Amino acid sequence: MPQGRRQGGAPMAWGKGQIVKQALRTAPEDYAAFEAVNLAGRGGVRVLDVGCFDGFNTYLKFAPYAGVARVVGVDPLPEAVAEAATRTAGDARFSFACSTFEDYEPEAGERFDLVYFSHVLQHLPDPQAALSKACRLLVPGGFVVVKTTDDAAKLSYPDPEQVMRRLFDLYERHVLPNTPHTACTDRCNGEKCYTLMRRAGLGNVAVRQFAADTCGKTLEERHALFERCVYFRRNVPACVDEGTAAEIYALVEAWGTLFDQDDYYFVTQSFVAIGQKPQEGASPWKYAGPVFESASEAFRKPQEVQTEARPRGGAPLAPADAPAVAIRPLAERDLGAVMAIEVASFRDPWTPLAFALDLRHNPCAHYTAAFTEGGLAGYLGWWGAPDGAAIVRVAVDPARRKAGVGRALVEQAVRDARAGGHGVLTLEVRAGNAQARGFYTRLGFQEAAVRSAYYEDPPDDAVIMALPLG
Ligand SMILES: C[S@@+](CC[C@H](N)C(=O)[O-])C[C@H]1O[C@@H](n2cnc3c(N)ncnc32)[C@H](O)[C@@H]1O
């Protein structure tokens, strides 16, 4: 296990890379909450994202929803807010204010339909006051969504020396108070969010827990979980005395060795809470309970990688130094990474719910995900109908194009559709997209028909391309 790192100055308790990973990995939890409040079915929605940091999570979570009309992010870090503005410059719905939430007042008495706290309520000096303020800033019937954590909901067994608890204790007493914007961190915020929300005047409060544990995991998976949970505890600021820093690093090492034992049990939980501002005369809101509940399915054990999509002969698919591409079925737990690619690739991205419904309920839908070393690199969906199979969605991470990922995905779809007994595989592509047409032609597809004026924004014809599978 890697050693701890002593940081000069006062580092952030959370790093940028960690925030991105966390936002992608746990996105299905937020999407489940948004599904429960029917975000995909609403229009003209105004969102306030409290503690938006650099806007990565803000954009990932709200850009896919066409009914979201305006998103305001608030954060006290000037560089982070500037980066958020740059990141979302192409989407006029997003704007950012550099302020603490305590000092923030919306312009012209604006009110919101959704106030969102993602991993921020635990950092606020007075979470009760913050939730009361959120309630004041909502329109009647509007929602608060809180995502938070709780160290008391982390279990470690067998841990006879209590290394996990001792590490958390040192971190809380010596690291957090010496780190900007975390001096007030409440590491046991999760258990309180129901009561805090009720006392803030919110009704219809629902709380769900999402767990990740070592149960039945491989050594590699257990180490990955350890790294995920220990990350913050490695960042010891230089102002912490030598003796305490050494003790923290020793506890990090000792805790890491527990994860080497395949009968060691560790569980960590995040909490997602929804509350609604009461609306006079309105009947109580019923969340789409089963949907919110079933989001935990997104955390099922990953399925084994099914196919090594590297060519075994014939013409090379990609440059010789291209990374290996591994293909497996797409799962709901991939939705965070899928949406990041989706919003980067399309002007009219599908919503997370559109993917989730297809994965859950459409027996004709087949989705595959392609992974390279950096994680999800692309995905493809095809539907099998009696008269043939059709590719309905395909996207590759813009940063990992021209590396054989798209080709591996299409070739896998060809194999799967053929194995499913389909005689032809079709797809449609913009007539103006010469690059895509050339790509599919090289894979053996032929142009079969044209649908005039099929696309809008910008207007274009659709070319139907077909590959006989016989
Ligand atoms: C752990 S980060 C979470 C970022 C983002 N919401 C996410 O989930 O990826 C916490 C953020 O809360 C911000 N924050 C801390 N104190 C705050 C306050 N009083 N008001 C608003 N934001 C605050 C920090 O600057 C930081 O960007």
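Computed from a prediction, not measured in an experiment: that's the story for all the values here.

A. Broad picture of the overall build of the protein. Each helix and strand in the protein was counted, giving 14 helices and 18 strands. Here the protein holds 470 residues, and the buried ones make up 51% of them. Here the analysis covers contacts within the protein between residues at least 6 apart in sequence; of these, 74% occur between residues at least 24 apart. Surface summary for the protein: the accessible area is close to 21,100 Å², and the carbon and sulfur share equals 54%.

B. Summary view of the site of the ligand. Neighbouring the ligand are 17 residues, the closest being G51, D75, F101, E102 and S118. For the ligand, a nitrogen atom lies 2.7 Å from a polar atom in the backbone of G51. Backbone polar atom of F101 to a nitrogen atom of the ligand: 2.9 Å apart, as the coordinates give it. Isolated, the ligand exposes 600 Å² of accessible area, and the fraction of that covered by the protein chains is 96%. Partitioned by chemical class, the residues of the shell around the ligand number eight nonpolar, seven polar and two charged.

C. Inspection of the pattern of salt bridges at higher detail. The tally for this structure, following the rule as stated, stands at 27 salt bridges. Two residues, D30 and K61, come together in a salt bridge whose shortest N-O distance is 3.4 Å. Of this pair, D30 sits in helix 2 (residues 27-36) while K61 sits in helix 3 (residues 56-62), and the two are 31 residues apart along the sequence. A residue is classified by how much of its surface remains accessible, and K61, at 1% relative accessible area, is buried. The partner of R400 in a salt bridge is D397, with the nearest N and O atoms 3.2 Å apart. By relative accessible area, D397 is classed as buried at 17%.

D. Summary view of the nonpolar core. In this structure, F34 and F62 are the most contacted members of the largest nonpolar core, which totals 45 residues. Structurally, this core is a two-domain feature, drawing no fewer than three residues from each of domain 1 (5-298) and domain 2 (307-422). Beyond its immediate stretch of four places on either side in the chain, F62 contacts F34, L39, V47, V68, V71, R93, F94, L114 and Y116. Formed by 30 residues, the second largest nonpolar core is a distinct cluster that contains V74, F101, V115 and F271.

Rules used in this analysis
Residues numbered from 1 in each chain as written. Predicted model: local features only at pLDDT ≥ 70, side-chain atom pairs only at ≥ 80, totals over all residues. Heavy atoms only, no water. Helix = DSSP H or I, 4+ residues; strand = E, 2+ residues; numbered from the N terminus. Buried < 20%, exposed > 50% of the residue type's maximum accessible area, 1.4 Å probe, protein only. Contact = heavy atoms within 4.5 Å. Areas by Shrake-Rupley, 256 points an atom, 1.4 Å probe, with all protein chains shown as cover. Near = heavy atom within 4 Å. Polar contact = N/O pair within 3.5 Å; in protein donor to acceptor, adjacent residues only side chain to side chain. Nonpolar A, V, L, I, M, F, W, Y, C, P; charged D, E, K, R; others polar. Salt bridge = Lys/Arg side-chain N within 4 Å of Asp/Glu carboxyl O. Core = buried A, V, L, I, M, F, W, Y, C linked by side-chain atoms within 4.5 Å. Domains from an automatic or database assignment.

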